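# Results of the structural survey
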Amino acid sequence: MSAPHVLAFDDEAPLATALAAALGGGVDTIARHRFPDGETRLRLPAALPANVVLLRGLQDPNAKLTELLLAAGGARELGAQRLVLVSPYLAYMRQDMAFTPGEVVSQRVLGGLLAGAFDAVITVDPHLHRVRTLDEVLPGRRGIALSAAPLLGAWVAARVPGALLLAPDEEAGQWVRAAARAQGLDFAVCHKSRHGDRDVDVALPTTEVRGRAVVLLDDVASTGRTLAAAARGALAQGAASVDVAVTHALFIGDALATVKAAGVRQVWSSDCVAHASNAVSVVPLLAGAIDALA
Ligand code: R5P
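Summary of the structure given here.

Cut-off values and rules
Residues numbered from 1 in each chain as written. Predicted model: local features only at pLDDT ≥ 70, side-chain atom pairs only at ≥ 80, totals over all residues. Heavy atoms only, no water. Near = heavy atom within 4 Å. Polar contact = N/O pair within 3.5 Å; in protein donor to acceptor, adjacent residues only side chain to side chain. Helix = DSSP H or I, 4+ residues; strand = E, 2+ residues; numbered from the N terminus. Pairing = 2+ DSSP bridges. Axes fitted to C-alpha atoms, helices over the stretch in contact; angles between N-to-C directions. Contact = heavy atoms within 4.5 Å. Buried < 20%, exposed > 50% of the residue type's maximum accessible area, 1.4 Å probe, protein only. Parallel < 35°, antiparallel > 145°, perpendicular 65-115°, else oblique. Left-handed = near helix turned anticlockwise from the far one by under 90°. Nonpolar A, V, L, I, M, F, W, Y, C, P; charged D, E, K, R; others polar. Phe/Tyr/Trp six-rings, centres within 6.5 Å; stacked < 30°, edge-to-face > 60°. Lys NZ or Arg CZ within 6 Å of the ring centre and 35° of its normal. Arc of directions from axis to C-beta.

## What to know about the site of the ligand
Residues in contact with the ligand amount to 15 residues; listed here are only the nearest, Asp-218, Asp-219, Ser-222, Thr-223 and Thr-226. At 2.7 Å from an oxygen atom of the ligand is found a side-chain nitrogen or oxygen belonging to Asp-219. Among the secondary structure elements, those contributing two or more residues to the shell around the ligand are β11 (191-196), β13 (213-221) and α6 (225-236). Of all the elements, β13 adds the most residues to the shell around the ligand, at four residues.

## Observations regarding the sheet that holds strand β9 (residues 164-167)
Across the sheet, which stays open at both edges, the six strands sit in the order β10-β9-β13-β14-β15-β16 with parallel pairing between neighbours. Unpaired on one side and paired on the other, β10 (186-189) and β16 (278-280) mark the two borders of the sheet. Here the average twist between neighbouring strands, direction ignored, is 30°. Sheet analysis places strand β15 (residues 267-270) next to β16, joined by two bridges and oriented parallel. Across the sheet, the residue bridging to Ser-270 is Val-280, located in β16. Together, β9, β13, β14 (241-249), β15 and β16 form the strand contacts of helix α4 (residues 149-159), whose direction differs from that of β15 by roughly 150°. This element, α6, spans β13 and β14 of the sheet and lies at about 165° to β13.

## Structural notes on the environment of Phe-9
Position of Phe-9 relative to the elements: it lies in the loop between β1 (5-8) and α1 (13-23). A residue is classified by how much of its surface remains accessible, and Phe-9, at 0% relative accessible area, is buried. When the C-alpha atoms of Phe-9 and Ala-71 are compared, they prove to be 9.9 Å apart, with 62 residues separating the residues in sequence. Apart from residues lying up to four places away in sequence, Phe-9 is in contact with Thr-29, Ile-30, Arg-32, Leu-42, Leu-55, Arg-56, Glu-67 and Ala-71.

## Focus on the packing of helix α2 (residues 61-77) against helix α3 (residues 106-117)
Where α2 meets α3, the closest approach of the two axes is 10 Å, and the angle between their N-to-C directions is 20°. Here α2 lies roughly parallel to α3, going by the angle between them. Taken as a pair, α2 and α3 cross one another with a handedness that is left-handed. Touching Leu-65, Leu-68, Leu-69, Ala-72 and Arg-76 of α2 are Leu-110, Leu-113, Leu-114 and Ala-117, all from α3. Taken together, the residues of the contact of α2 with α3 sort by class into eight nonpolar, no polar and one charged.

## Points about the packing of aromatic side chains
Under the criterion given, the structure shown has one aromatic pair. Note on Trp-155 and Trp-268: the rings are 6.4 Å apart at their centroids and 70° apart in plane angle, and the pair reads as edge-to-face. Of the two residues, Trp-155 is situated in helix α4 and Trp-268 in strand β15; the sequence distance between them amounts to 113 residues. Look at Trp-155 and you get partly exposed, because its relative accessible area is 22%. Residue classification places Trp-268 among the buried positions, given a relative accessible area of 7%. The ring of Trp-155 carries Arg-159 above its face, with NZ or CZ at 3.4 Å from the centroid.

## Quick look at helix α8 (residues 283-293)
Buried within α8 we find Val-283, Leu-286, Ala-287, Ala-289, Ile-290 and Leu-293. Considered in projection along α8, the buried side chains sweep an arc of 160° and stay on one side of the axis. Within α8, the exposed residues directed more than 90 degrees away from the buried face are Pro-284 and Ala-292. If you follow the buried residues of α8, they end up packed against α1, β5 (51-55), β6 (82-87), β7 (120-124) and β8 (142-146).

Honestly, that's just the spatial picture; any functional story needs more than this.
Take a look at the structure:
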């Protein structure tokens, strides 16, 4: 099969261009017009090859989801026979059960919609809890979950030799463990209690942090409260420094300022979500996964 043609929206053009270059194929931007009533008209290339990759990160997802489904349907009509969604940040993965009666299980609903629109979905460090693989989220389709943790671990190891990698909660333990083992770094896992969207407590592990260069590693920084609480705890216990490395730099509102105010020195992220902190690129990972699908 020939190299896939990449389609993307203008706000992700740099990532799309880099991905197309890595794949050795072309790239086009989807033109958008917003009507006064809030509807959107999309325009794709008038004819598409059979093999198409649609790049769409789903940070701030609600408006993007409508556009994504419109673009997928249009791409099929214009010639795409194999249509792969590359969503470096895949939203709605956390709500994987009804925590109280009547709650919509968003992961299942979104998974069904994406499975109906795409042949495969590729993402990076999705926030899966009780569901182990992305395949389970996408009935009858391929789901590929890559991880930026090894890239972030290598970045950290080169800049903070002898760092202690700290997971701010149990879920981040998987990424910290993988990154630390690959780089021969020490690691430990905190315990987090969440009381509200912006209200978390982080209890540090018994591991000695005094005098250590601590690097907090997590999948996502949203409000930044998790990282800030963990950083304050580590510094209060005598850590020499605290840096942060995350896959998805959402950093909503005052999040980055909150993290910095907690005493964090450097913030690094992958380019899954475009942000000033981007330090490592997931493009080679994404391209490798797309190639492996062929
Ligand atoms: C949750 O378990 C995730 O791994 C992150 O720790 C969390 O989503 C970060 O959220 P926030 O930045 O709002 O504390």
